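# Residue-level structure breakdown
Chain by chain, the residues:
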Amino acid sequence: QVQLVESGGGLVQPGGSLRLACAASGSIVRLNAMGWYRQAPGKQRELVATITSGDSTNYADFVKGRFTISRDSANNTAYLQMDRLKPEDTAVYYCNADVRTSLFRRREYWGQGTQVTVSS
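Please read all numbers here as calculations on a predicted model, not as lab measurements.

Moving on, we get to the pattern of salt bridges. Under the definition given, this model contains 5 salt bridges. Between Lys-64 and Asp-61 there is a salt bridge, and its shortest N-O distance comes to 3.2 Å.

This is the structure in structure tokens:
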């Protein structure tokens with residue numbers, strides 16, 4: 001079993017910054033791509049950013065230039081640095097990871113989510 005635990009959410013004023021962290025633990029043979037998604041009230045979950053095991057990154061257009069995804073592979077942790085936050089960034093942010101747990105088993109895991117609220 002694999003657990004993803006997010007941290008770092010909270011309340012911030014517009015223009016402020018937050019740094020989210022996602023720590024993966026459990027029966028991990030190989031941690032492949034990791035990503036951050038978000039879901040605002042009444043909306044579908046959407047991709048924010050992803051990072052491969054080789055540190056290649058991909059961003060949604062609405063966060064390019066403001067958010068930065070990174071990872072510490074030695075500690076199975078991914079980060080999302082969020083700068084110049086806007087009220088429309090308010091959402092629950094979820095961590096996602098593609099994990100190989102054995103030679104023949106590989107699947108996606110999700111964290112429980114962390115709330116980010118951008119408001120004055």
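And the narrative resumes.
Here the focus is the side chain of Arg-66. Among the structural elements, Arg-66 can be located in the loop between strand 6 (57–59) and strand 7 (67–72). Within the structure, the side chain of Arg-66 is placed 3.0 Å from the backbone oxygen of Arg-84, a separation counted as a polar contact. A polar contact of 2.7 Å, which involves the side chain of Arg-66, links it to the side chain of Asp-89. If near-sequence neighbours (up to four positions away) are discounted, Arg-66 is found in contact with Gln-81, Met-82, Asp-83, Arg-84, Leu-85, Lys-86 and Asp-89.

Our focus in this paragraph is unusual backbone geometry. Backbone geometry at Asp-55 places phi at a positive 70 degrees, although glycine is not the residue there. Along the polypeptide, Asp-55 turns up in the loop between strand 5 (46–51) and strand 6. Relative accessible area serves as the criterion here: at 46%, Asp-55 is assigned to the partly exposed category.

Before going further, it helps to examine the nonpolar core. Residues Trp-36, Leu-80, Met-82 and Tyr-93 are the most contacted members of the largest nonpolar core, which totals 31 residues. Those elements that provide at least two residues to this core are strand 1 (2–7), strand 3 (18–26), strand 4 (30–39), strand 5, strand 7, strand 8 (77–82), strand 9 (91–102) and strand 11 (114–118). The element that contributes the greatest number of residues to this core is strand 9, accounting for 5 residues.

Cut-off values and rules
Residues numbered from 1 in each chain as written. Predicted model: local features only at pLDDT ≥ 70, side-chain atom pairs only at ≥ 80, totals over all residues. Heavy atoms only, no water. Salt bridge = Lys/Arg side-chain N within 4 Å of Asp/Glu carboxyl O. Helix = DSSP H or I, 4+ residues; strand = E, 2+ residues; numbered from the N terminus. Polar contact = N/O pair within 3.5 Å; in protein donor to acceptor, adjacent residues only side chain to side chain. Contact = heavy atoms within 4.5 Å. Buried < 20%, exposed > 50% of the residue type's maximum accessible area, 1.4 Å probe, protein only. Core = buried A, V, L, I, M, F, W, Y, C linked by side-chain atoms within 4.5 Å.

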